[in-house]
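Take a look at the letters that make up each chain.
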Amino acid sequence: MKKSVKIVWITAFGSILFIILFILLCNWGVFGKMPDMDDLQNPSASLSSQVYAQDGSLMGKYYLQDRINVEYKDISKPVLDAVISTEDERFYNHSGIDLRALGRAFAGLGRDGGASTITMQTAKNLFTDNWATKNFIIRSIQKVKEAIIAVKLERNFTKEEILTLYLNTVAFSDNVFGIRNAAKTFFQKEPDSLNVKEAAVLIGMLKGATLYNPRRNYNTSLDRRNVVMNQMVKNNKLDKKAYDTLKLQPIELHYKKLDENAGLGPYFRMVLGEELKKWCKEHQKPNGKNYDLYRDGLKIYTTINPQMQKYAEEAVDKHIANMQKYLSSQDNIKSGRVWKDRENVLEAAMKQSERWRSMQAEGASEEAIRKSFHEKTKMKVFSWNNKREADTVMTPYDSIKYSRQMLQAGFMVMDPITGEVKAWVGGIDFENYKYDHVNFNTKRQVGSTIKPLLYGLAIEEAGFTPTSMVQDVQQSFGGFGLVPATSKTCTGSTMPMAQALAGSRNCASAYILKQLDNSGNNGARRFVDFLKRCDFKTPIEPYPSIALGSCEISLFEMLQGYSMFPGRGFNVQPMFITRIEDRNGNVIETFVPKRKEVISDITAYSVIKMMQGVMQFGTGRSIWGYNVKGEIAGKTGTTNDNSDAWFIGYTPQLLAGTWVGCDDRFIRFNSTYIGQGAHAAMPIWAYFYNKAANDPACGIDVSSTFAKPESMTNDIFIDGISGFVPIPGGEVEDAGAGSSSEYGEDEYENDNYNYPNEPTIQTKKDSSSKNNNNKPKPSPATPVNKEEKPKAVLPKKNN
């Protein structure tokens, strides 16, 4: 044998051995992990977890790749025909590798099409490193691995199963994965309802998700759609005459993509996501690994009522948009005086902004960065218009002020018996302001909304009744000083406890606290212990000022505390998940109400009747001007200098509460009349209830009444109480809250925190007077700022 021939044979056999060894090494995972048999028999791509409302409608998703699986039977025939005709004409004739296509690809160096089959592309989507690379060696290894896995897939699955896997994992335009999400996003259809034109548009995207995106590149997408339909004609999947008609028709999109900013309840979904992350860390899959919210395709069923959520969001929008006009028209806001001596707030916000961080990352000097904040630029800022944004020109520094001067709100609705949360609105606009004002971590001074809890304790443990006479007189608490710090709000008169609550009398509340225990400060400590029994988790110091609501508590906790009144003495923990299922629909965990008895039903009913008095004759009486009906009990709350406005109200079927204020507490209403809870917060509750009560989907019966305990022989008639005089016109302005700084504690002794005057109750004639000299002036005091306050999000573009 000639030497040259020998070399040829050695080279040939060596090449064959090298190829075999290379394939074996790839199969053994030397060049990267390969799936084992269990992985092949149970393939799984990253699936988005889905959040469902009470009625089963989809609220949102958590995902790395937005993907939801469907079965073969749920995919329309045009989709199946289009994908085979375009991506793999001989799909049903090969075993994972198409040798003819492989030869064509080698001969034409890829110019005449690739060699990847649908099975190989499925392998790539499921098991290999799915990234684009121009490195020939790395790409060759990827291709060999895909081919090996494809052959194994063909041995383990039917053609229909492989086709379904492919369509469930492939990427479409706009970062949408899987045929179901693509159908829902671009056409608002299920995949089994897609027609030929729609199927061709979607399958056309597979050649280039960006290039053939019908939203961005309509003409190229239209051309690609027609190419796909032509391929269907060539493969006898579409009639030529039908094609000639269809190719002339436009693409008709019905585009709607869910993201974190869109859809129902974005604040709720954000809070829910954090809770679910904790849940995943505490629960394991059958394989021993923890669940992954973003990959495991969990199905989370919540208690949110879509209609109530819609009405809650509308109520917040309607009222805050109107209140913002009042705040923005104040002289100190228009002139910028509100920011005097607040440079530290603006400095911190500036350094936390995206502009500062990005310029700093680019190596800009601090001097240059600061200079950029004082140069006018075009930007989009939040605005109360239909788009919730406006184009404007201002300096980024001024945009920070503008953003932080926006009123914020929190509003939550729940079932007082089961604890099911029906609606959750954490702020005015999730895209611009991510901070949630409902959840446990957001605490604000609660003002007079604390009083029903104090009165409930007095009735439950100290023998008080709604008709018990109390003194509206300033009280001394020894070393803690006088409560309130000023006697200007005290009438000095004696009145029934029900009247004191209806008029939100601070001095009477201090009197009641003192009656709980006359030895030093034990009354306040007793009240704190009671709040703990009501499941308040926030640490509350036992200062006497808590009788006036000086403590800072979340709206979420306050609603749980109030639940014992309509709950007939039983406190219920708010719950917003009913069950969690895995990707296959197996129930992992169910959730049930957590209730415990805190007070007797007689005490609960007594407080209910007093709180109905608040709404009929006291600080909440203006609610009836919003055309609400039925039995309503509630309490307003206003804190020092109108920094916080509250209203929590309930019916026999529903409990809801709202807070309104600015994230920076020094930005507030100058007018107590405007800034009090009855005007700044209560209308949200009223707007919501008016719509919800008139919608059968919300299931509210306005004729329902609070049930009187069977053990009570006589009912309680608040308007018949001796000495109780209904307010003849207008409402009582809420009396604000004191603070621990008023009572001599060294830690707070340097805080300037005065107590505003309580207004005189006006008659209808007096309240209509143009020159009402009796109207109180708001206190100019600065509120305590002991904890880091919520940070407003800056304008979203070019700030």
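Here we summarise the structure given alongside this text. Just so it is clear, the structure is predicted and the values come from calculations on it, not from any experiment.

1. Section: the overall build of the chain
- The secondary structure content of the chain amounts to 28 helices and 23 strands.
- In the chain, which comprises 799 residues, the share counted as buried stands at 54%.
- Within the chain, contacts between residues at least 6 apart in sequence are counted, and of these 70% link residues at least 24 apart.

2. Considerations on the sheet that holds strand β19 (residues 587–590)
- Here we have five strands laid out as an open sheet, ordered β2-β1-β6-β18-β19, and mixed in their pairing. Looking at which strands have only one partner, the edges of the open sheet turn out to be β2 (58–62) and β19. Ignoring strand direction, the axes of neighbouring strands in this sheet form an average angle of 20°.
- Both strand β18 (residues 577–581) and β19 contribute to a ladder of three bridges, which runs antiparallel. Of the residues in β19, the one forming a bridge with Glu581 is Val587.
- Across the face of the sheet, helix α12 (residues 266–282) comes into contact with β1 (49–52), β2, β6 (299–302), β18 and β19 while running at roughly 50° to β2.

3. Topic: helix α3 (residues 77–87)
- With ten of eleven residues buried, α3 is to be regarded as a mostly interior element.
- Where α3 is concerned, the buried positions are Pro78, Val79, Leu80, Asp81, Ala82, Val83, Ile84, Ser85, Thr86 and Glu87.

4. Considerations on the environment of Val473
- Relative to the elements of secondary structure, Val473 occurs in the loop between β12 (469–471) and β13 (475–476).
- Aside from chain neighbours lying at most four places away, what touches Val473 is Cys490, Gly492 and Cys507.

5. Quick word on the nonpolar core
- One finds Phe411, Trp424, Leu453, Phe527, Phe565 and Phe688 to be the most contacted residues of the largest nonpolar core, which totals 146 residues.
- Residues in contact with Leu453, not counting those within four places in the same chain, are Phe527, Phe530, Leu531, Phe536, Met558, Gly561, Tyr562, Met564 and Phe565.
- One finds Ala82, Val83, Val170 and Phe172 within the second-largest nonpolar core, a separate group that totals 43 residues.

6. Quick word on the sheet that holds strand β10 (residues 421–425)
- With antiparallel pairing, five strands are arranged side by side in an open sheet as β10-β9-β23-β22-β21. Where the open sheet ends on each side, the last strands, each with one partner, are β10 and β21 (633–638). Strand-to-strand twist across the sheet, computed as the mean angle between neighbouring axes with direction ignored, equals 5°.
- Bridge analysis of strand β9 (residues 408–414) against strand β23 (residues 655–661) gives seven bridges, and the strand direction is antiparallel. Residue pairing in the sheet places Met414 in a bridge with Leu655 of β23.
- Across the sheet, helix α27 (residues 682–693) lies against β9, β21, β22 (645–650) and β23, angled at about 45° from β9, the strand it touches most.

7. Notes on the pairing of β6
- With three bridges joining them, β1 and β6 adopt parallel strand pairing. Bridged to Val51 within β6 is Ile300.
- As defined by bridge partners, β6 adjoins β18 across four bridges and the pair is classed as antiparallel. Residue pairing across strands places Thr302 opposite Ile577, the latter belonging to β18.

8. Section: unusual backbone geometry
- Residue Val483 is joined to Pro484 through a cis peptide bond whose omega torsion reads -10°.
- Mapped onto the fold, Pro484 is located in the loop between β14 (482–483) and β15 (494–496).
- For Asp174, which is not a glycine, the phi torsion comes out positive at approximately 60°.
- The exposure class assigned to Asp174 is buried, which follows from its relative accessible area of 16%.
- At Ser504, a residue that is not glycine, the phi angle is positive and equals roughly 55°.

9. Points about the state of the cysteines
- Evaluated as defined, the whole model comprises one disulfide.
- For Cys490, the disulfide goes to Cys507, at an S-S distance of 1.8 Å. Linking Cys490 and Cys507, the disulfide has an S-S dihedral of approximately -75° and is accordingly described as left-handed. Here Cys490 is found in the loop between β14 and β15, whereas its partner Cys507 is found in helix α21 (residues 506–516), with 17 residues between them in sequence.
- The class of Cys490 is buried, set by a relative accessible area of 17%.

10. Details of the pattern of salt bridges
- Throughout the structure, instances matching the rule amount to 34 salt bridges.
- Note that Lys691 and Glu314 form a salt bridge whose closest N and O atoms lie 2.8 Å from each other. Of the two residues, Lys691 sits in helix α27 while Glu314 sits in helix α13 (residues 306–328), which places them 377 residues apart along the sequence.
- Taking relative accessible area as the criterion, Glu314 reaches 28% and is therefore assigned partly exposed.
- The salt bridge partner of Arg370 is Glu366, with a shortest N-O separation of 3.1 Å.

11. Re the packing of helix α15 (residues 343–352) against helix α18 (residues 396–404)
- At a minimum axis distance of 10 Å, the contact between α15 and α18 shows a crossing angle of 105°. By the angle class used here, α15 and α18 are roughly perpendicular. Every residue of α18 that contacts α15 at Val345, Leu346, Ala349 and Met350 is listed here: Tyr397, Ile400, Lys401 and Arg404.
- Along the lines of polarity and charge, the residues of the contact of α15 with α18 split into six nonpolar, no polar and two charged.

12. Digging into the packing of aromatic side chains
- For the coordinates displayed, the defined rule picks out 21 aromatic pairs.
- The interplanar angle of 50° and the centroid separation of 6.0 Å between the aromatic rings of Trp424 and Phe556 together place this pair among those described as tilted. Residue Trp424 is located in strand β10, and its partner Phe556 is located in helix α23 (residues 555–562); the two are separated by 132 residues in the primary sequence. Just as Trp424 is buried, Phe556 falls in that class too.
- With centroids separated by 6.3 Å and ring planes inclined at 70°, the aromatic side chains of Phe480 and Tyr543 adopt a geometry described as edge-to-face. Here the residue Phe480 occupies a position in the loop between β13 and β14, and Tyr543 occupies one in the loop between α22 (522–533) and β16 (552–553), the gap between them amounting to 63 residues.

13. A closer look at helix α16 (residues 354–361)
- All of the buried residues along α16 are Arg355, Trp356 and Met359. In an axial view of α16, the angular spread of the buried residues amounts to 100°, which keeps them on one side of the axis. With respect to the buried face of α16, the exposed residues turned more than 90 degrees away are Glu354 and Ala361.
- At its buried positions, α16 is contacted by α15, α17 (366–372), β7 (377–381) and α18.
- Trailing α16 by a residue or two, Gly363 shows a phi angle of about 90°, which is positive.

14. Describing the packing of α3 against helix α7 (residues 159–169)
- Where α3 contacts α7, the axes come no closer than 12 Å and their chain directions differ by 90°. Put simply, α3 runs roughly perpendicular to α7. Contact residues: α3 offers Val79, Leu80, Val83, Ile84 and Glu87, while α7 offers Leu163, Tyr166 and Leu167.
- Here the residues of the contact of α3 with α7 sort into seven nonpolar, no polar and one charged.

Cut-offs applied
- Residues numbered from 1 in each chain as written.
- Predicted model: local features only at pLDDT ≥ 70, side-chain atom pairs only at ≥ 80, totals over all residues.
- Heavy atoms only, no water.
- Helix = DSSP H or I, 4+ residues; strand = E, 2+ residues; numbered from the N terminus.
- Buried < 20%, exposed > 50% of the residue type's maximum accessible area, 1.4 Å probe, protein only.
- Contact = heavy atoms within 4.5 Å.
- Pairing = 2+ DSSP bridges.
- Axes fitted to C-alpha atoms, helices over the stretch in contact; angles between N-to-C directions.
- Core = buried A, V, L, I, M, F, W, Y, C linked by side-chain atoms within 4.5 Å.
- Disulfide = S-S within 2.5 Å.
- Salt bridge = Lys/Arg side-chain N within 4 Å of Asp/Glu carboxyl O.
- Parallel < 35°, antiparallel > 145°, perpendicular 65-115°, else oblique.
- Nonpolar A, V, L, I, M, F, W, Y, C, P; charged D, E, K, R; others polar.
- Phe/Tyr/Trp six-rings, centres within 6.5 Å; stacked < 30°, edge-to-face > 60°.
- Arc of directions from axis to C-beta.

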